[in-house]
Amino acid sequence: MDALARLIDELGPAVVTDPARLDAARTDKSGFTASGTPLALVEARAIADVQAVMRIATATRTGVVPRGAGTGLAAGAAGDGGMIVLDLSRMDRILEIDAANETATVEPGVINGDLDAALAPYGLWYAPDPASKSISSIGGNIATNAGGLLCAKYGVTREAVLALKVVLADGRLIETGHRTVKGVTGYDLTALFVGSEGTLGIVVEAVLRVLPRPVGDVVTIGAFFPDVRQAASASTAIVAARLRPAVMELLDGQAVEAIRGHLGDEVIRDAMGPATGDGFLLVQFDQSPAPETTLHAVEVIETAGGQARVSTDAATGDQLLAIRRAFHPSLEARGEVLIEDVSVPRTRLVEAFEAIARISAEYGVRIPTVAHAGDGNLHPNFVLEGGVMTDAVRAAADALFRTALELGGTLTGEHGVGLLKRHHLIDELGPDSYALQRQVKAVFDPLGIVNPGKVFEA
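Visitor: Please clarify how a nonpolar patch on the surface should be interpreted in this entry.
Guide: A contiguous nonpolar patch, built from Tyr187, Leu189 and Leu192 and spanning about 340 Å² of accessible area, is present on the exposed surface. Relative to the helices and strands, Leu189 is located in helix α8 (residues 189-193). Judged by relative accessible area, which is 31%, Leu189 ranks as partly exposed.

Visitor: Explain helix α12 (residues 291-303) here, please?
Guide: Three or four residues apart is the spacing at which side chains of an α-helix point the same way, because the helix has 3.6 residues per turn. The end-to-end C-alpha distance of α12 is 18 Å, a good match for the 18 Å that 13 residues give at a rise of 1.5 Å each. Taken as a whole, α12 has its buried residues at Thr293, Thr294, Ala297, Val298, Val300 and Ile301. One side of α12 carries all its buried residues, which in axial view fall inside an arc of 160°. Opposite the buried face of α12, at more than 90 degrees from it, the exposed residues are Pro291, Glu292, Leu295 and Thr303.

Visitor: It is not clear to me how the sheet that holds strand β5 (residues 94-98) should be interpreted in this structure. Could you clarify?
Guide: Paired through backbone hydrogen bonds, the strands of a sheet run either parallel or antiparallel to each other. Sheet architecture is open: 5 strands sit in the order β5-β6-β10-β8-β9, paired in antiparallel fashion. Of all strands in the sheet, those with a lone pairing partner are β5 and β9 (173-177), marking the two edges. Strand-to-strand twist across the sheet, computed as the mean angle between neighbouring axes with direction ignored, equals 15°. Strands β5, β6 (103-106) and β10 (202-209) of the sheet are contacted by helix α4 (residues 112-119), whose axis makes an angle of about 40° with β5.

Visitor: Could you clarify how one ought to interpret the nonpolar core in this entry?
Guide: Within soluble globular proteins, side chains that are nonpolar tend to cluster in buried spots. Counting residues in each nonpolar core, the largest one holds 44 residues, and the members touching the most others are Phe225, Ile238, Leu250, Leu281, Phe353, Leu378 and Phe382. Elements supplying a minimum of two residues to this core: β12 (219-225), α9 (228-240), β13 (247-252), β14 (279-285), α12, α15 (349-363), β19 (377-384) and α16 (391-406). Per-element tally for this core: the top contributor is α16, with 7 residues. For Phe382, the residues in contact, after removing those within four places along its chain, are Glu336, Val337, Leu338, Glu340, Val365, Arg366, Ile367, Val393, Ala396, Ala397 and Leu400. Ranked by size, the runner-up nonpolar core spans 28 residues in total, among them Val256, Ile268, Phe280 and Leu320.

Visitor: When you look at the pattern of salt bridges in this model, what are you seeing that I'm missing?
Guide: Two side chains with opposite charge may pair up if their charged atoms get near one another. For the coordinates displayed, the defined rule picks out 22 salt bridges. Asp170 is paired through a salt bridge with Arg172; the nearest N and O atoms lie 2.8 Å apart. The partly exposed category is assigned to Asp170, whose relative accessible area is 33%. Asp391 serves as the salt-bridge partner of Arg394, at 3.2 Å between the closest nitrogen and oxygen. One end of the pair, Arg394, and the other, Asp391, are both in helix α16, 3 residues apart, so they sit about a helical turn from each other. When salt bridges with common partners are traced through the structure, they connect Arg21, Glu43, Arg45, Asp87 and Arg90 into a single cluster.

Visitor: Sorry, what's going on with the layout of surface pockets here?
Guide: Empty space among the atoms can be located by rolling a probe the size of a water molecule over them. When its volume is computed, the second largest pocket comes out at roughly 580 Å³. Elements that contribute at least two residues to the lining of the second largest pocket include exactly α8, α17 (425-429) and α18 (431-444). Its residues placed into classes, the lining of the second largest pocket shows 11 nonpolar, 11 polar and 5 charged.

Visitor: Would you mind showing me how to read the pairing of strand β2 (residues 40-43) here?
Guide: The side chains of a regular strand alternate between both faces of the sheet. Neither face of β2 is open: one carries Ala40 and Val42, the other Leu41 and Glu43, and all of them are buried. Looking at chain direction, strand β1 (residues 15-16) and β2 are connected through 2 bridges and run antiparallel. From the neighbouring strand, Val16 faces β2, where its bridge partner is Leu41. One ladder, built from 4 bridges, connects β2 with strand β4 (residues 84-87); its direction is parallel. Bridging from a neighbouring strand, Val42 pairs with Leu86 of β4.

Visitor: Help me understand the pairing of β13, please; the structure alone is not making it clear to me.
Guide: Taken across its 6 residues, β13 has 6 buried, putting it largely inside the fold. The alternating pattern of β13 places Val247, Glu249 and Leu251 on one face and Met248, Leu250 and Asp252 on the opposite face, and all of these are buried. Bridge count between β13 and β14: 6 bridges; the pairing is antiparallel. In the sheet register, Leu250 faces β14, and the bridge partner there is Leu281.

Calculation notes
Residues numbered from 1 in each chain as written. Predicted model: local features only at pLDDT ≥ 70, side-chain atom pairs only at ≥ 80, totals over all residues. Heavy atoms only, no water. Patch = residues over 30% accessible without salt bridge, like charges linked within 9 Å, V, L, I, M, F, W, Y side chains within 5 Å. Areas by Shrake-Rupley, 256 points an atom, 1.4 Å probe, with all protein chains shown as cover. Salt bridge = Lys/Arg side-chain N within 4 Å of Asp/Glu carboxyl O. Helix = DSSP H or I, 4+ residues; strand = E, 2+ residues; numbered from the N terminus. Buried < 20%, exposed > 50% of the residue type's maximum accessible area, 1.4 Å probe, protein only. Expected span 1.5 Å × (residues − 1). Arc of directions from axis to C-beta. Pairing = 2+ DSSP bridges. Axes fitted to C-alpha atoms, helices over the stretch in contact; angles between N-to-C directions. Contact = heavy atoms within 4.5 Å. Core = buried A, V, L, I, M, F, W, Y, C linked by side-chain atoms within 4.5 Å. 1 Å grid on protein atoms, 1.4 Å probe; cavity = no way out; pocket = protein on both sides within 12 Å on 5 of 7 lines; lining within 4 Å. Points joined across faces, edges and corners; volume = space filled by probe spheres on them. Nonpolar A, V, L, I, M, F, W, Y, C, P; charged D, E, K, R; others polar.

Next up, the structure:
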């Protein structure tokens, strides 16, 4: 009996073969579309469903692509020809909120923002907050070790994951980690699975560390600069001054232009007054920062050439944050967008923005860019004319990756390697580390059936 017949025999209506559904599973938010059509999509609703899929996949040597909300940006969840797409989005229960121990136990399909809303009545908060928090799932966040606006102060997903249940390639269920504050028994397999992009096993449950919800006043500073390099210099100086903002986001002139066109001039003026420029820096301190902290930040900004507006009013602070959050919608309104993701040391942000400008001019492509300036994570973006990935865009993106490595950075801060960056992986890791990581993959997945072709080239 072949794989599809066995899936239908054991899982019945959970197996989807509708061509439209299979076609949708070939892509994600990256814009990449696999050339082949998946064999089937299985809508798992319980751990037993996932185990059944993996047992059948092992017996028939069939590739399995784990998939959650489909919001990935590196084609990590794109199903290709003859593969089983394992849809975990219906495993979306919050199993437990343990307020006393400050943990939440969830299934992988839980949406990030929904978890945070469920925690609010307990005075708790889930800190990792990717820009896609309203649509991305916890399983996907774990797969890519997602970050977000607040991670410079509160950490990325890895710092929030205490324990996991994982289904291995052969269908066995293992538990990693611990519910205790401390625990160093054995190798840290939990950390290994976080950020593994579904290539080692299928995460089916997670115990997450949650935090007391921040209390006190919030101070938000918006600042325009004549040039984005001045804004980047100011962000570096704020970090060097140990001021520890909760949010520090940086937009270049092309990004500001796109947002202005999307939101309208009046929205920008309401939030920032008449100030304008080719660089915008947003800084937010939470939990009632000391007055001298705010004053020092403003001094740093003005010394770097910025015009700052300080707000302790929640509504105005939300307006300033809305400028930043409008970046991706403003580009998507213009067409299909390739959202790239590189990180550099925070002290080299100025050089990174200079390199982006140079690459933009050299290849004749516009590259509006936003950065999580608090941790050096840049998101250069390309609007694909007519939805087409051109040779110029590919070459410019490759140049960005090379530059990030030359500056002592990394190919990806939070989106993952997936399919789109795997040919650059050895450049960052080096041949020995690359070979060792492939050996680790083989220990967990000796047949190479778990998210095959992702991260590592065949």
